[in-house]
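Next come the chains, spelled out residue by residue.
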Amino acid sequence: MKIKSLIQKSMAFVIGATFLVAGSSLANAQDPNQQQKSERKQQKQAQQQQQQQAQQQDKAARRQERPQSQGQQQQVQRQQQQQQKAARQQERQQPQVQQQQSQQQQEQQKAARRQERQSQAQQQQSQQQQQTQQQQQTQQQQQDKAQRKQERRQAQAQQSQQQTQQRQQPQMTVERQRQEQAVQQQRLNQYRQRQFEQERFEQQRRRSLESQRRIAQLRYQQRYWDHVRADQSRLQSWRYVYAPPIYRYYRGGRYYDANQYAADQLRQAVRYGYEEGVRAGQSDRQDHWGFDYNNSFAYENAAFGYSGAYVGMEDYSYYFREGFRRGYEDGYYGRWQYGSYSNGAFSLLGNILTGILDLRRY
């Protein structure tokens with residue numbers, strides 16, 4: 001703003017001087033020499049004035065430039081100082097940032113290693129589960145094969161024994177034969193009626209096991225029920241053969257008579273009960289279920305292997321449960337206190353069988 005005012009003043013001065021020169025030229029028109037002298041003086045004066053004005057303008061410009069250059073220099077210095085501070089601060093922070101980045105990388109590496117270990121552990125666990133399932137399936141197949149062989153041997157032995165006793169048995173009166181057959185038919189009818197009721201109970205137990213997610217116990221129950229239904233089909237072609245009583249056994253405060261067929265039936269009840277108890281106990285252990293043999297459908301049913309004759313259903317179920325309870329304990333705890341395992345089959349110890357069923361010959 002100062003420079004503009006100086007320029008305006010100088011311009012006004014030059015214009016005024018011009019008018020003065022023009023006036024003087026008109027006044028002295030009659031004297032050319034004097035007029036030239038005065039013009040040269042005026043020109044010198046105008047030049048001097050212009051030089052003075054230019055010098056003043058330069059001084060004013062320099063005065064104006066000095067504070068601006070000083071302010072710019074200070075501002076530049078401040079910016080340089082700020083940049084230097086920022087650079088020093090960045091240098092100080094750089095090791096911390098590098099340390100943080102290093103820590104993050106280490107944590108990421110640790111997390112990756114943990115994830116790898118977890119995945120490896122899961123894979124190993126999955127492989128172990130598959131191996132366990134395969135072993136269980138193989139063991140189950142071996143047990144089924146061994147049981148079917150044992151059943152065939154027992155059926156053959158029973159058939160041979162029946163044939164032998166048929167040749168040796170004394171002639172009975174027609175009336176006695178009718179009475180014996182009526183009793184056996186009544187037992188068979190009671191057994192069939194009971195199994196019809198048990199079929200509904202099995203369906204309820206199956207739904208309960210499904211809701212509890214007891215997969216192993218559910219698989220075992222299905223297997224057990226298939227064997228019981230196979231027994232029902234076998235009984236449709238069963239024929240009663242008379243044999244005289246030769247044994248006595250004690251249960252519930254009284255003695256009972258038993259022929260050879262009845263004795264075989266009761267021994268079979270204890271053995272089958274033990275074998276099924278072992279499988280039920282192993283299934284509950286696999287399902288991580290509590291020790292509870294009373295809650296097993298096989299223990300409630302207690303009819304696997306029953307022929308419907310020679311002994312009552314109550315006697316057969318009683319001895320089946322006695323064997324089942326001991327087998328469940330061995331299977332659940334993985335020990336062999338009451339029996340043994342060999343070639344895919346479970347066997348009750350002879351002294352345990354004798355202690356449970358004390359059969360004595362006449």
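Refer to the structure printed above.
Remember, predicted model here, so these are calculated numbers, not experimental data.

**What about the sheet that holds strand S2 (residues 254-258)?**
Taken in spatial order, the three strands line up as S2-S1-S5 in an open sheet, and their pairing is antiparallel. Each edge of the sheet is formed by a strand with only one pairing partner; in this case those strands are S2 and strand S5 (360-361). Relative to S5, strand S1 (residues 247-251) runs antiparallel, the two sharing two bridges. Along S5, the bridge assignment pairs Arg248 with Arg360. Contacts from helix H5 (residues 260-286) reach S1, S2 and S5, with the element oriented near 40 degrees to S1. Together, S1 and S2 form the strand contacts of helix H7 (residues 313-333), whose direction differs from that of S1 by roughly 70 degrees.

**What about the packing of aromatic side chains?**
By convention here, two paired aromatic rings are described through the distance between centres and the angle between planes. Evaluated as defined, the whole model comprises 26 aromatic pairs. Note on Phe324 and Tyr328: the rings are 6.3 Å apart at their centroids and 25 degrees apart in plane angle, and the pair reads as stacked. Placement of the pair is Phe324 and Tyr328 together in helix H7, with a separation of four residues, close to one helical turn. Summarising the burial analysis for this pair, Phe324 and Tyr328 share the class buried. Relative to Tyr333, the ring of Tyr332 has its centre 5.3 Å away and its plane inclined at 85 degrees; by these criteria the two rings are edge-to-face. Exposure remark for Tyr332: the relative accessible area of 16% places this residue in the buried category. Put simply, the rings of Phe291, Tyr293, Tyr299, Phe320, Phe324, Tyr328, Tyr332 and Tyr333 pair up and form one aromatic cluster.

**Concerning the pattern of salt bridges**
Here the structure, examined in full by the defined rule, presents ten salt bridges. Residue Arg206 pairs with Glu202 through a salt bridge whose shortest N-O separation is 2.8 Å. Remark: Glu202 and Arg206 occur in helix H3 (residues 174-212); sequence separation between them is four residues, near one turn of the helix. The partly exposed category is assigned to Arg206, whose relative accessible area is 27%. By relative accessible area, Glu202 is classed as buried at 1%. The partner of Arg251 in a salt bridge is Asp315, and the shortest N-O contact between them spans 2.5 Å. Of this pair, Arg251 sits in strand S1 while Asp315 is found in helix H7, placing the two residues 64 residues apart along the sequence.

**Focus: unusual backbone geometry**
Where the residue is not glycine, phi is negative for most of them; where a peptide bond is considered, it is trans in most cases. Positive phi, normally seen in glycine, also occurs at His288, with a value near 60 degrees. Residue placement: His288 occurs in the loop between H5 and helix H6 (297-301). Of note, the phi angle at Ala302 is positive, near 50 degrees, even though the residue is not glycine. Relative to the helices and strands, Ala302 resides in the loop between H6 and H7. A relative accessible area of 0% means that Ala302 is categorised as buried.

Thresholds, definitions, all that
- Residues numbered from 1 in each chain as written.
- Predicted model: local features only at pLDDT ≥ 70, side-chain atom pairs only at ≥ 80, totals over all residues.
- Heavy atoms only, no water.
- Pairing = 2+ DSSP bridges.
- Helix = DSSP H or I, 4+ residues; strand = E, 2+ residues; numbered from the N terminus.
- Contact = heavy atoms within 4.5 Å.
- Axes fitted to C-alpha atoms, helices over the stretch in contact; angles between N-to-C directions.
- Phe/Tyr/Trp six-rings, centres within 6.5 Å; stacked < 30°, edge-to-face > 60°.
- Buried < 20%, exposed > 50% of the residue type's maximum accessible area, 1.4 Å probe, protein only.
- Salt bridge = Lys/Arg side-chain N within 4 Å of Asp/Glu carboxyl O.

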